[in-house]
Each structure stands twice: as C-alpha cells, then as structure tokens.
Amino acid sequence: MRSNKIIHVISAHAEGEVGDVIVGGVSPPPGESLWQQRTFIAQNQSLRNFVLNEPRGGVFRHVNLLVPPKHPAADAAFIIMEPEDTPPMSGSNSICVATVLLDGGIIPMHEPVTEMVLEAPGGLVHVRALCKDGKAERIFVRNLPSFADQIGVPLEVPGLGRIIVDTAYGGDSFVIVDAAALGFKIIASEARQIAQLGVAITKAANEQLGFNHPENPDWKHISFCAFCGPLEKTDKGLRGTSAVVIQPGKVDRSPTGTAVSARMAVMAAKGDMHLGDEFEATSIIGSTFTGKIMAKAEVGHRPAIVPEISGRGWITGIHQHMLDPTDPWPEGYKLTDTWGV
C-alpha cells in the first residue's frame, strides 16, 4: 500500500461519544501556547479536514491531537477537533484522552488510582482515574472554571416563537433550554428533531444574545444548545436528563461534560446547587456523567464554580489513516445530507 501520509490513531468513546486520539504521524502545530496551536489548527483546516471529513470522518466523530504540553505542570496536552469547532475544552474528549493515555500505556498506570494533569487549550485540567486490572475504569476531570452568563432571557426562534433560555460557559459556551417546555422527553426517537431545532436555537442565540468570554477574547460565540429535562432530588444532590446539539446538527451521545459543568453553574447561580453537591446527568442513550461542585471561583469578576465531572471511556480500535497520492479528495468532502452545510 502506498501513502504519502500515515496518521496513527487510537479510537475511543466516552459514554457513547466518539473521541479518537492521534498518537503519531502529526507534528505539533506552530505556536508558543497551546491556544496558539489550537488557533493554527482551526484556521489552517488541513488536519481537521483530513480526519473529520468523509471518507475518514463524519459528523459523529471527534478527534484529539496529542502534543507536548506547554505548561510545566502538565503531563500531556491535547487539542480537540469537533465537527465544526476547535474548542477550549471538552469533557467527553478529555475522558477519551485520559483513557487512551492510560489504557494505551502512554502514561504509566498506578492502581488503584492514577493522577495526572492534562493541558487543554482553555487551561489545565486535573485528572483522577480509578484503575483496576490494567483498565482505567472511571475518569474524574476537574474542569475549567464555569459560570452562568445570562439567566432567564427571551429568545425569538424562527418557526418556534419566543422561548426563555439561559446561557453559560462550562469549558465551552451553551444556550440552555427547557426540554419539557418544548415538548421533548429526551428519548432516542426524538434525536433528529432535537438536532434540527437545536441548530436553529443556537443560531438565534448567537444573533440575539451573543457570548463573550471575559478572559478569552477569542471565544465570542455560543457553540451548543443543551436541552435539559426536569430535575429530581437525590441523596447527594440532583439528577436530570439532557441532550446537547453539536454543530452542524447532531446530538451528543454522552451527557456532555462541558454541558454538565455549564448546567451546574446555572443551577448554582439560581441557588439550586451548592458547594459539594452532585448532579447526575443522563444522555439520550441512557449513559451518565456525574458532576460535582468542588470549589467557588471567579472568571473576570464573575462568580463561577470549579466543577468535577466523571464518566467512563473505552478504546474501540487502532487505526492508521492513509492518503494515496492519487486520491482525488485529499482533504475529504462534506455533503448536506449529514453535514447540513
């Protein structure tokens, strides 16, 4: 087999959401900081296109690039590539990366608990992995400081009318809607309808509400729409369902770690959650992440929380993505039947 490019990938998923990890074949992008490296990948597009576009990728796939860390406290660093964005942080992807690092033998595993620090483009995240018999069984990620932005604001959505939403940041930016008020139970058969409406809500929120991270001027849009189900009390805090719509129009199979963090920040701002409380989030396929408020913080003088999220990850395969020099689509392609663009 002939190829002028070979990229080595360990594939994984976290509670159902794909998060592949590039472990070889790609040089670190230029940049003095991880954010600058992330920006190069976002603007250059060639690596994103190669691994995310068809025929190697698809709207269901996320891919993470392992790079040497820039921060001296970090054990490893990763840049997240989602179908339409290159975000500061991702909960499911960080769980996939930690699982690959440990189960793949890239970082030594210590049973019963392995601790490490990962550097995401948005900052450092502390990882604690419960390990047994050579397997990282559950990953705990102390996420970036998360905060509520706008609470209970009206939003006009074409074809739907006026709804009331919240916006928040949990390592990425969200518009949060009441699923039951829109007639959704958050079950698998609703996935297509949720995805289509979520794209419209996200677009309207960016046009009418906007978002500006107070400490990162480059992050000035709302990425996702989170449909949130009703809450019920538990012995440790709260429980609820959610479905997060990812551009260009798919539902996250996991409960979305950044959404769990953003939702906890909103609940803390409303007085529904407090320091030490836990929140169990269930996805549209029935998988779960658990969130916990670990500390209070500030982001640009905004009240914030430091959330911890936990979930499970599994390796699904090892791949070598290749490029035949005669392939007429060296960076792949997109079609509107699935990509919606």
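Predicted model only: the values in this text are computed from it and were never measured.

Quick notes on the overall build of the chain
Here is step 1 of the chain: When helices and strands are counted, the chain shows 5 helices and 19 strands.
Here is step 2 of the chain: Taking 341 residues into account, the globule formula puts the C-alpha radius of gyration at 20 Å, and the chain, at 19 Å, falls close to it.
Here is step 3 of the chain: Dimensions of the chain, computed from the C-alpha atoms along their principal axes, are close to 55 × 45 × 40 Å.
Here is step 4 of the chain: Expressed as a percentage of its 341 residues, the buried residues of the chain come to 53%.
Here is step 5 of the chain: Here the contacts in the chain between residues at least 6 apart in sequence split such that 63% fall between residues at least 24 apart.
Here is step 6 of the chain: As presented, the chain carries roughly 14,500 Å² of accessible surface, and 51% of it is formed by carbon and sulfur atoms.
Here is step 7 of the chain: The averaged location of the 37 negative side-chain charges in the chain is 2 Å from the averaged location of its 29 positive side-chain charges.

What about the packing of aromatic side chains?
Here is step 1 of the chain: Summed over the entire model, instances satisfying the criterion amount to 7 aromatic pairs.
Here is step 2 of the chain: With 5.6 Å between their ring centres and 85° between their planes, Phe184 and Phe227 make a pair best called edge-to-face. Taken together, the positions of Phe184 in the loop between strand S11 (173–178) and helix H4 (191–208) and Phe227 in strand S12 (residues 224–228) put the pair 43 residues apart, joining distant regions of the chain.
Here is step 3 of the chain: Owing to a relative accessible area of 7%, Phe184 belongs among the buried residues under this scheme.
Here is step 4 of the chain: Grouping aromatic residues by their ring pairs yields a cluster made of Phe147, Tyr169 and Phe211.
Here is step 5 of the chain: Directly above the ring of Phe50 sits Lys5, whose terminal nitrogen or CZ lies 4.3 Å from the centroid.
Here is step 6 of the chain: Arg38 extends its terminal NZ or CZ atom over the ring of Trp35, reaching a point 4.4 Å from the ring centre.

What to know about unusual backbone geometry
Here is step 1 of the chain: Omega for the peptide link from Glu54 to Pro55 comes to 15°, which places this bond in the cis form.
Here is step 2 of the chain: Between Gln247 and the following residue, Pro248, the backbone shows a cis peptide bond with an omega angle of 10°.
Here is step 3 of the chain: Even without a glycine there, the phi angle at His301 is positive, about 70°.
Here is step 4 of the chain: Checked against the element boundaries, His301 lands in the loop between strand S17 (288–299) and strand S18 (302–311).
Here is step 5 of the chain: By relative accessible area, which is 73% here, His301 ends up exposed.

Some details on a nonpolar patch on the surface
Here is step 1 of the chain: There is a patch of nonpolar side chains on the surface, built from Trp329, Tyr333 and Leu335 and spanning about 320 Å² of accessible area.
Here is step 2 of the chain: Looking at the element boundaries, Trp329 is found in the segment after strand S19 (313–322).

Let's talk about the side chain of Ser287
Here is step 1 of the chain: Among the structural elements, Ser287 can be located in the loop between strand S16 (278–282) and S17.
Here is step 2 of the chain: Note on Ser287: relative accessible area 8%, which makes it buried.
Here is step 3 of the chain: A polar contact of 2.8 Å, which involves the side chain of Ser287, links it to the backbone oxygen of Glu15.
Here is step 4 of the chain: Of note is the side chain of Ser287, whose polar atom sits 3.3 Å from the backbone oxygen of Arg253.
Here is step 5 of the chain: With residues up to four places along the chain from it excluded, the contact list for Ser287 reads Glu15, Arg253, Ser254, Pro255, Ala281 and Thr282.

Concerning helix H5 (residues 257–269)
Here is step 1 of the chain: With 13 residues, H5 extends 18 Å between its outermost C-alpha atoms, agreeing within 8% with the 18 Å of an ideal straight helix rising 1.5 Å per residue.
Here is step 2 of the chain: Of all 13 residues in H5, 11 are buried; the element is thus mostly enclosed.
Here is step 3 of the chain: Those residues of H5 that fall on the buried side of the exposure criterion are Gly257, Thr258, Ala259, Val260, Ser261, Ala262, Arg263, Met264, Ala265, Val266 and Met267.
Here is step 4 of the chain: Of the residues flanking the end of H5, it is Gly271, one or two places downstream, whose phi is positive at about 85°.

About the criteria used
Residues numbered from 1 in each chain as written. Predicted model: local features only at pLDDT ≥ 70, side-chain atom pairs only at ≥ 80, totals over all residues. Heavy atoms only, no water. Helix = DSSP H or I, 4+ residues; strand = E, 2+ residues; numbered from the N terminus. Rg over C-alpha atoms; globule rule 2.2 N^0.38 Å. Buried < 20%, exposed > 50% of the residue type's maximum accessible area, 1.4 Å probe, protein only. Contact = heavy atoms within 4.5 Å. Areas by Shrake-Rupley, 256 points an atom, 1.4 Å probe, with all protein chains shown as cover. Lys, Arg positive; Asp, Glu negative; His and termini not counted. Charge placed at Lys NZ, Arg CZ, Asp CG, Glu CD. Phe/Tyr/Trp six-rings, centres within 6.5 Å; stacked < 30°, edge-to-face > 60°. Lys NZ or Arg CZ within 6 Å of the ring centre and 35° of its normal. Patch = residues over 30% accessible without salt bridge, like charges linked within 9 Å, V, L, I, M, F, W, Y side chains within 5 Å. Salt bridge = Lys/Arg side-chain N within 4 Å of Asp/Glu carboxyl O. Polar contact = N/O pair within 3.5 Å; in protein donor to acceptor, adjacent residues only side chain to side chain. Expected span 1.5 Å × (residues − 1).

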